Amino acid sequence: MEQQIDTIFVDLGDTFRVIRKDEAYQSEAKAVIARLLGVDGDPAAFYREVIEPRYDKYREWALTFYCEAPVKELWTRWLAYDFPRERVEAAADEMTCAYRKTKGERVVTDGGAETVRELYKRGYTLGIVSDLVGVQEVDEWLDRDGLRPYFKTVQQSSVCLIRKPHPAIYYYALAECGADPKRTCYVGDNLARDIVGAKAAGLGMTIGVQYPGKKPQEVTEANRPDRFITHFAQLLDIFPAIR
């Protein structure tokens, strides 16, 4: 099966990128949100008591309908609907970046960049298909880390407004690459979304990521990937150079 694959799409969160906890970094992000909204008092308390529970409700809606709200909608309808609309809309992009940082600093997993460069060198077409809020963070990160040239497509739920496991987000990636689904592999950590969605889109191979220390997921017939890896660089053992 591996020799038939010529296109590889990867997930971002807990697959190609992981979260590094940093209390000062996360606290500063909460302070940014409070400042942009003009909130007095403890930013951490405001985040914990207002933003976090509102985001939980938004996420429940997003997962129910397999969609992502545009950034301005996210803040004016869900997270800061009781603040002046003009102020919220003006700060929406910056607040979304800050919200992401409240969870920690996102960094490429060990060996990730080297693996991507090597797969590209071996002749594979590479792409990103990821669920996340915000439209600035990923572009800035790809440019900052010099990784943009290696990915022919970057599909984000925050841009196409569709979340996995809806197959359409994979269709967009396939179309942009001109890839054959049967010759495409998807690599992701969330079996219920990443793997189920990739199978629904007709991708020819799926690989589940189970990094050490992560809680094991229930594997079913519907979400069972073709392979599991415990380190991103193990993709190099699966995918030889394309002749």
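Everything numeric in this text was worked out from a predicted model, so none of it was measured.

A. The packing of aromatic side chains, seen in detail. Considering all chains together, one arrives at 14 aromatic pairs under this definition. Centroid distance Tyr170 to Tyr186: 5.2 Å. Interplanar angle 80°. Geometry classified as edge-to-face. Remark: Tyr186 occurs in strand E6 (residues 184–188) and Tyr170 occurs in helix H8 (residues 168–177); sequence separation between them is 16 residues. Linked through ring pairs, Tyr47, Tyr55, Tyr58, Trp61, Phe65, Trp78 and Tyr99 together constitute an aromatic cluster. If you follow Arg17 out to its NZ or CZ, it ends over the ring of Trp141, 4.4 Å from the centre. Arg54 extends its terminal NZ or CZ atom over the ring of Tyr81, reaching a point 4.1 Å from the ring centre.

B. Summary view of the environment of Lys21. By the secondary structure assignment, Lys21 is in the loop between strand E2 (17–20) and helix H1 (23–37). The exposure class assigned to Lys21 is exposed, which follows from its relative accessible area of 62%. As a C-alpha pair, Lys21 and Lys101 span 80 residues in sequence and 9.6 Å in three-dimensional space. Setting aside residues up to four positions removed in sequence, Lys21 forms contacts with Gln26 and Lys103. Separated by 2.9 Å, the side chain of Lys21 and the backbone oxygen of Lys103 make a polar contact.

C. Expanded view of the packing of H1 against helix H2 (residues 43–65). As a packed pair, H1 and H2 sit with axes 8 Å apart at the nearest point and diverge in direction by 80°. With respect to their mutual orientation, H1 and H2 come out roughly perpendicular. Across from Lys30, Ala31, Ile33, Ala34 and Leu37 in H1, the residues of H2 making contact are Pro43, Ala44, Phe46, Tyr47 and Ile51. Among the residues forming the contact of H1 with H2, the class breakdown is nine nonpolar, no polar and one charged.

D. Structural detail: the side chain of Ser130. For Ser130, the position within the fold is in strand E4 (residues 125–130). Taking relative accessible area as the criterion, Ser130 reaches 1% and is therefore assigned buried. For Ser130, the contacting residues outside a window of four places in its chain are Asp11, Leu12, Gln155, Gln156, Ser157, Lys164 and Ile169.

E. Layout of the pairing of strand E1 (residues 7–10). Burial along E1 is two-sided: Thr7 and Phe9 facing one way and Ile8 and Val10 facing the other are all buried. The pairing of E1 with E4 spans four bridges and is classified as parallel. Counted as the bridge partner of Phe9 is Gly127 from E4. Relative to E6, E1 runs parallel, the two sharing four bridges. Residue Ile8 lies in a different strand from E6, and its bridge partner there is Cys185.

F. Geometry of unusual backbone geometry. With an omega of 15°, the peptide bond running from Lys164 to Pro165 counts as cis. If you trace the backbone, Pro165 turns up in the loop between helix H7 (157–160) and H8. Of note, the phi angle at Asp14 is positive, near 65°, even though the residue is not glycine. The phi torsion at Leu161 lies on the positive side, around 65°, for a residue other than glycine. Summarising the element assignment, Leu161 is placed in the loop between H7 and H8. Take Leu161: its relative accessible area is 32%, and that puts it in the partly exposed class.

About the cut-offs
Residues numbered from 1 in each chain as written. Predicted model: local features only at pLDDT ≥ 70, side-chain atom pairs only at ≥ 80, totals over all residues. Heavy atoms only, no water. Phe/Tyr/Trp six-rings, centres within 6.5 Å; stacked < 30°, edge-to-face > 60°. Helix = DSSP H or I, 4+ residues; strand = E, 2+ residues; numbered from the N terminus. Lys NZ or Arg CZ within 6 Å of the ring centre and 35° of its normal. Buried < 20%, exposed > 50% of the residue type's maximum accessible area, 1.4 Å probe, protein only. Contact = heavy atoms within 4.5 Å. Polar contact = N/O pair within 3.5 Å; in protein donor to acceptor, adjacent residues only side chain to side chain. Axes fitted to C-alpha atoms, helices over the stretch in contact; angles between N-to-C directions. Parallel < 35°, antiparallel > 145°, perpendicular 65-115°, else oblique. Nonpolar A, V, L, I, M, F, W, Y, C, P; charged D, E, K, R; others polar. Pairing = 2+ DSSP bridges.

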